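If you want the building blocks of each chain, they are given just below.
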Amino acid sequence: MIEKMTLSQLVAPWLTNASEALSNVDVTHLELDSRKITSGDTFVAVVGHAVDGRKFIDKAIELGASSVIAQSCSEHPHGSVELRAQKPVVYLSDLGEHLSQLAGRLYNHQGNAVIGVTGTNGKTTISQLIVQWLDLVGSRAAVMGTTGNGFLSDLKQAANTTGSAIEIQSTLADLADEGAKYTALEVSSHGLVQGRVKALTFSAGVFSNLSRDHLDYHGTMEAYAEAKYTLFSEHECQQAIINADDPVGHEWLNRLSDAIAVSLKPDCQFSEAVFAKEVHYSESGIKLSFDGKFGSGVLHVPLIGEFNASNVLLAFACLLSLGVDKVALVEAAPKLVPVIGRMELFKNGSKAKVVVDYAHTPDALEKALKALRVHCSGKLWAIFGCGGDRDTGKRPMMASIAEQFADQVIMTDDNPRSEDPATIVEDMKKGLKQPDNAYILHSRYEAIEFALNHANENDIILLAGKGHEDYQVMANETIHYSDRESAQQLLGL
């Protein structure tokens, strides 16, 4: 719920002697985008990576902003206040770093425990498994992340995996008002580095794995890893749940003395652990015998693939660490369902099976293909592309993995953005040992159609990269496109 407070009260931690002008202005809503200002809002003018929000102060006031909090500068030093059109503008230093705390003071999400989930792959699946499981055992829970924000039955589309500091605090408060007792929040490396979750208290934090991604932003894998690690080292995270089977996670466990290790290996060396004694994979799902810190038992889950066994065990360990009843979780496990666009199976009669997955990194593609191989009695097809204006180094790596783990490779487009799709494919082809054996079909729909026309009923076709997405980003436009819809249409579902 929104705390009733004046502008003076809101900025009190940074201004001990606020002027009288700030005491007479109520703050009810914070807004970073001047275009979205409505009457009575407080505009927050930060200096971003590309835009200086202070340029839009006058516009925000014209649209009805009752006050402004802005980044200080030489002309307007920290603590100074000016009146523009009789509206107070208060200047604070390092405003971007304070946004999470500032928003947290106004938007109170008390009673809504936050669970942070970070890692290269698996964030969406783990967070949604946590929420599904909580719902099944009677605790109302919500999710914030790649596929949207809100309750699973009514997700609202989100622009980024991890929203702005203000958006996160505001959404958590709204969800608390709607009855959420827990919210599983996907925490991206960008969100951590940029302080978007800085003032949050995490009841638990989960780390899934780390593989090549976002090097266009972080520069090196070391910097990328350290960005993820800050969830546990520099944020208030009351319980850490770490994948011990990931090399980075294994190393972190040696640095995090109170963390709970999660492993699919029965010889897990960490004393504080939840581990699998035995795992069986079948077309009907996963049977996982577990033991460790919280005792033993067996989970039956209708998901496929080794990495999903890891995702399930991480979610399970997280919930156990929060005190959720183990027996209730075990009984509810068979009712869990696959996450939309995450190893989602489509099939109809004698046609090949089609699996849609969000895999868009080399590691994720390899894991998806390995997971499907054990279910495939015919040929395994891989249809995938690489995004434009992003890390070019992973393009040949993706192709090399597809060639190694699939029987047939089709390279296609995946959000080419401003780059020439042909150039992206040429980069991908550099990773192929036998490029003449791969097909190139830039239209994803035509690529799926081609595969279905040439595959037999025992084959499996993996559509990798788009998952839940229903758009394709081109040079000058974003068009509607969905792998899920294409698969359903071409299979006659």
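If you're wondering where the values come from, they're calculated on a predicted model, not measured in any experiment.

(A) Structural context of the overall build of the chain. Scanning the chain from terminus to terminus reveals 17 helices and 26 strands. Taking 493 residues into account, the globule formula puts the C-alpha radius of gyration at 23 Å, and the chain, at 24 Å, falls close to it. Principal-axis analysis of the C-alpha atoms places the extent of the chain at approximately 75 × 55 × 40 Å. Each of the 493 residues in the chain was classed as buried or not, and the buried ones make up 55%. For the chain, restricting intrachain contacts to residue pairs at least 6 apart in sequence, the fraction spanning at least 24 positions comes to 65%. Accessible surface computed for the chain: about 20800 Å², of which carbon and sulfur atoms make up 46%. Side chains of the chain carry 42 positive and 62 negative charges; the gap between the two charge centres is 2 Å.

(B) Inspection of the sheet that holds strand β5 (residues 67-71) at higher detail. An order of β3-β4-β5-β7-β6 is seen for the 5 strands of this open sheet, with the pairing classed as mixed. Every other strand in the sheet has two partners, leaving β3 (30-31) and β6 (81-84) as the edge strands with one partner each. Summarising the sheet, β3 and strand β4 (residues 42-45) pair through 2 bridges and their orientation is parallel. Counted as the bridge partner of L30 is T42 from β4. On top of the sheet, helix α4 (residues 95-106) reaches β3, β4, β5 and β7 (87-92); it is set at about 145 degrees to β5, its chief contact.

(C) Spatial organisation of the packing of aromatic side chains. On inspection of all chains with the given rule, the structure shows 6 aromatic pairs. Their ring planes at 55 degrees and their centres at 5.1 Å tell us that Y229 and W252 sit as a pair that is tilted. Of this pair, Y229 sits in helix α9 (residues 221-233) while W252 sits in helix α10 (residues 247-253), and the two are 23 residues apart along the sequence. Taking relative accessible area as the criterion, W252 reaches 1% and is therefore assigned buried. Aromatic rings pair up to connect F207, Y229, F232 and W252 into one cluster. Above the face of the Y229 ring, R255 is positioned so that its terminal group lies 3.9 Å from the ring centre. A cation over an aromatic ring shows up here: K466 above the ring of Y471, its NZ or CZ 5.0 Å from the ring centre.

(D) Representation of the sheet that holds strand β22 (residues 408-411). Here 6 strands make up an open sheet; going across it, the order is β19-β20-β24-β21-β22-β23 and the pairing mixed. With partners counted over all chains shown, the strands left at the sheet margins are β19 (344-346) and β23 (439-440), one partner each. Of the strand pairs in this sheet, strand β21 (residues 380-384) and strand β24 (residues 460-464) are connected by 4 bridges, and their pairing is parallel. Its bridge partner lying in β24, I383 is registered against L463. Strands β21, β22 and β23 of the sheet are contacted by helix α15 (residues 421-429), whose axis makes an angle of about 150 degrees with β22. Contacting β19, β20 (353-357) and β24, helix α17 (residues 483-491) runs over the sheet at an angle of about 20 degrees to β19.

(E) Spotlight on the pattern of salt bridges. For the structure shown, the criterion picks out 19 salt bridges. Of the charged contacts, one joins E272 and K293 as a salt bridge, the two residues approaching to 2.6 Å between their closest N and O atoms. On the criterion of sequence distance, the pair formed by E272 in the loop between β15 (260-263) and β16 (273-282) and K293 in the loop between β17 (285-292) and β18 (297-301) is long-range, its members being 21 residues apart. Taking relative accessible area as the criterion, E272 reaches 34% and is therefore assigned partly exposed. Of the charged contacts, one joins E426 and K429 as a salt bridge, the two residues approaching to 3.6 Å between their closest N and O atoms. Separated by 3 residues within a single helix, E426 and K429 lie in helix α15, roughly one turn from each other.

(F) Representation of the nonpolar core within the structure. If you look at the biggest cluster of nonpolar residues, it comprises 41 residues, and the most contacted ones within it are I130, W133, I241, L288, L299, L313 and F316. The leading source of residues in this core is helix α11 (residues 306-321), at 10 residues. Leave out the neighbours within four places in its chain, and F316 touches W133, F290, L299, K326, L329 and V330. Counting 34 residues, the second largest nonpolar core, distinct from the first, contains L192, A225, I242 and A273.

(G) Fine view of the pairing of strand β8 (residues 113-118). Taking burial as the measure, the 6 residues of β8 include 5 buried ones, the bulk of the element. Pairing of β8 with strand β11 (residues 182-186), which is carried by 5 bridges, proceeds in the parallel orientation. When the sheet's bridge partners are listed, I115 is paired in β11 with A184. Sheet analysis places β8 next to strand β12 (residues 201-207), joined by 5 bridges and oriented parallel. What sits directly across from I115, in β12, is A204.

Analysis parameters
Starting from 1, residues in each chain are numbered consecutively following that chain's sequence as written. Residue-level local features of this predicted model are given only where pLDDT is at least 70; pairs of side-chain atoms are given and counted only at 80 or more, and the full residue set underlies all totals for whole chains, interfaces and linings. Side-chain metrics in this entry use all non-hydrogen atoms of the structure; hydrogen atoms and water are not considered. Segments assigned H or I by DSSP are reported as helices when at least four residues long, segments assigned E as strands when at least two residues long, and all are numbered from the N terminus. C-alpha atoms define the radius of gyration, and 2.2 Å times the number of residues to the power 0.38 defines the globule rule. Residue burial is assigned from relative accessible area. The probe radius is 1.4 Å, only protein chains are included, and a residue is buried under 20% of its type maximum, exposed over 50%, and partly exposed in between. Here, two residues are considered to be in contact whenever any of their heavy atoms come within 4.5 Å of each other. With residues, only the protein chains shown are counted as cover, and all accessible areas are computed by Shrake-Rupley using a 1.4 Å probe. A positive count includes Lys and Arg, and a negative count includes Asp and Glu. His and the chain ends are not counted in either. Where a charge lies is defined by one atom per residue type: Lys uses NZ, Arg uses CZ, Asp uses CG and Glu uses CD. One requirement defines pairing of two strands: DSSP has to find at least two bridges between them. Fitting a line to C-alpha atoms yields each axis, with helices limited to the stretch in contact; the angle taken between N-to-C directions then spans 0 to 180 degrees. Any two rings among Phe, Tyr and Trp, with Trp reduced to its six-membered ring, count as a pair given centres within 6.5 Å; such a pair is stacked if its planes are under 30 degrees apart, edge-to-face if over 60, and tilted if neither. Geometrically, a charge over a ring is one whose NZ (Lys) or CZ (Arg) sits within 6 Å of the ring centre while staying within 35 degrees of the ring normal. Think of a salt bridge as a Lys or Arg side-chain nitrogen and an Asp or Glu carboxyl oxygen that are within 4 Å of each other. Residues grouped as a nonpolar core are buried Ala, Val, Leu, Ile, Met, Phe, Trp, Tyr and Cys residues, joined through side-chain atoms within 4.5 Å.

Any functional reading would require information beyond the geometric quantities listed.
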